[in-house]
Amino acid sequence: MIATMVVESALAIYTVWRYKMTPLVRLATLTLGMLATFQLAEYFVCTGSVGHAEFWSRVGFSAIATLPVLGLHLVHKVAEKPVGRLVTVAYASMAAFIVFFMAFPAVFENYQCTGNYVVFHLRPRAGGIFWVLYMAWIFTSIFLGARWANEFMQQNKSRKLNAIRGLLLGWMAFLIPTAIANIVNPATRTGIPSVMCGFAVLFALILALYVMPRAAEAKALTKLAK
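These lines cover the structure that appears in this document, whether it is placed above or below. (Residues numbered from 1 in each chain as written. Predicted model: local features only at pLDDT ≥ 70, side-chain atom pairs only at ≥ 80, totals over all residues. Heavy atoms only, no water.)

1. Considerations on the overall build of the chain
Item 1. Broken down by element type, the chain carries 8 helices and 2 strands.
Item 2. Along the chain, from the amino end to the carboxyl end, the secondary structure elements read α-α-α-α-β-β-α-α-α-α.
Item 3. When contacts within the chain are restricted to residue pairs at least 6 apart in sequence, long-range pairs at least 24 apart make up 74% of them.
Item 4. If you sum the accessible surface of the chain, you get close to 11000 Å²; carbon and sulfur atoms cover 66% of it. (Helix = DSSP H or I, 4+ residues; strand = E, 2+ residues; numbered from the N terminus. Contact = heavy atoms within 4.5 Å. Areas by Shrake-Rupley, 256 points an atom, 1.4 Å probe, with all protein chains shown as cover.)

Right, dumping it as structure tokens:
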């Protein structure tokens with residue numbers, strides 16, 4: 001958990017250092033920061049070294065509630081498409097869940113650290129609703145990304161096409177391994193948030209090292225040298 005957090009934090013710092021601060025760069029940096037925050041929250045849930053496990057569970061789930069919505073916004077920015085009502089609705093759902101996770105009592109029934117991942121047991125129905133919306137926004141992003149990638153391929157816009165393909169690859173890099181882990185070891189289904197975010201370090205690497213060089217404007221090397 002700590003190693004993953006360090007990698008994701010380092011990628012966030014590198015992104016800020018390397019690229020001009022635009023809405024796209026802010027979204028990418030925030031995405032990397034939220035991934036790192038979840039890993040930190042998991043670490044403190046397992047160790048209990050700082051604060052209470054319930055508090056860190058709230059922080060962790062608030063962090064991951066942002067990720068599919070940031071991804072939806074990110075794919076719009078990478079494709080340079082206008083942000084419309086869909087993204088606004090997504091942010092509204094994200095805000096509602098953050099309020100729920102941070103403010104409502106007894107959100108989590110219990111927590112269990114298995115060593116490899118953390119199991120969070122949410123209140124009945126709340127978890128189901130959250131994961132339906134969570135996956136809905138991810139697959140909406142994938143659908144839009146695939147559609148825009150096809151559009152860019154027809155227009156011979158290779159830079160945008162490769163950036164979008166990178167995002168699609170990033171999503172597949174944690175969805176497919178999570179699905180395989182769930183099939184091979186059904187017990188991991190109880191820890192899907194933790195398992196998924198563990199594999200999401202691959203998404204973080206692809207975003208920072210492949211997508212951003214093709215979608216963001218780098219700072220002048222002379223300025224970086226100073």
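Don't stop here, the text continues.
2. So, the packing of helix 6 (residues 158-184) against helix 7 (residues 192-215)
Item 1. One way to put it is that helix 6 packs onto helix 7 with a least axis distance of 8 Å and a crossing angle of 165°. As far as their axial angle goes, helix 7 and helix 6 are roughly antiparallel. Remark: the crossing between helix 6 and helix 7 carries right-handed chirality. (Axes fitted to C-alpha atoms, helices over the stretch in contact; angles between N-to-C directions. Parallel < 35°, antiparallel > 145°, perpendicular 65-115°, else oblique. Left-handed = near helix turned anticlockwise from the far one by under 90°.)

3. Thoughts on the side chain of Thr15
Item 1. Structurally, Thr15 can be placed in helix 1 (residues 2-18).
Item 2. The exposure class of Thr15 is buried, given its relative accessible area of 0%. (Buried < 20%, exposed > 50% of the residue type's maximum accessible area, 1.4 Å probe, protein only.)

4. Points about unusual backbone geometry
Item 1. With a phi close to 55°, Glu80 is a non-glycine residue in the positive phi region.
Item 2. One can find Glu80 in the loop between helix 3 (53-79) and helix 4 (85-103).
Item 3. Backbone geometry at Asn156 places phi at a positive 60°, although glycine is not the residue there.
Item 4. Looking at the element boundaries, Asn156 is found in the loop between helix 5 (126-154) and helix 6.
Item 5. You can call Asn156 exposed: its relative accessible area is 68%.

5. Observations concerning the pattern of salt bridges
Side-chain pairing between opposite charges can occur once the charged atoms of the two side chains come close.
Item 1. The tally for this structure, following the rule as stated, stands at 4 salt bridges.
Item 2. Among the salt bridges present, the one from Glu80 reaches Lys160, with a minimum N-O distance of 3.0 Å. Taken together, the positions of Glu80 in the loop between helix 3 and helix 4 and Lys160 in helix 6 put the pair 80 residues apart, joining distant regions of the chain. (Salt bridge = Lys/Arg side-chain N within 4 Å of Asp/Glu carboxyl O.)

6. Topic: the packing of helix 1 against helix 2 (residues 23-47)
Item 1. Running from N to C, helix 1 and helix 2 cross one another at 160°; their axes reach a closest spacing of 8 Å. In this view, helix 1 runs roughly antiparallel relative to helix 2, as classed from their interaxial angle. Relative to helix 2, helix 1 is oriented so that their crossing is left-handed. Residues Ile2, Thr4, Met5, Glu8, Ser9, Leu11, Ala12, Thr15 and Val16 of helix 1 pack against Val25, Thr29, Leu32, Gly33, Leu35, Ala36, Gln39, Leu40 and Tyr43 of helix 2.
Item 2. Taken together, the residues that form the contact of helix 1 with helix 2 break down as 11 nonpolar, 6 polar and 1 charged. (Nonpolar A, V, L, I, M, F, W, Y, C, P; charged D, E, K, R; others polar.)

7. Describing the packing of aromatic side chains
Item 1. Evaluation of the coordinates by the stated rule reveals 16 aromatic pairs.
Item 2. Each ring, one from Phe101 and one from Phe130, has its centre 5.1 Å from the other, and the planes form 85°; the classification is edge-to-face. On the criterion of sequence distance, the pair formed by Phe101 in helix 4 and Phe130 in helix 5 is long-range, its members being 29 residues apart.
Item 3. The exposure class of Phe130 is buried, given its relative accessible area of 2%.
Item 4. Summarising the aromatic geometry, the rings of Phe130 and Tyr134 are spaced 5.6 Å apart at their centres and angled 55° between planes, so their arrangement reads as tilted. Taken together, the residues Phe130 and Tyr134, both in helix 5 and 4 residues apart, mark about one turn of the helix. By the burial criterion, Phe130 is buried, and Tyr134 matches it.
Item 5. Here a set of aromatic residues connected by ring pairs shows up, and it is made of Phe61, Phe97, Phe100, Phe101, Phe104, Phe130, Trp131 and Tyr134. (Phe/Tyr/Trp six-rings, centres within 6.5 Å; stacked < 30°, edge-to-face > 60°.)

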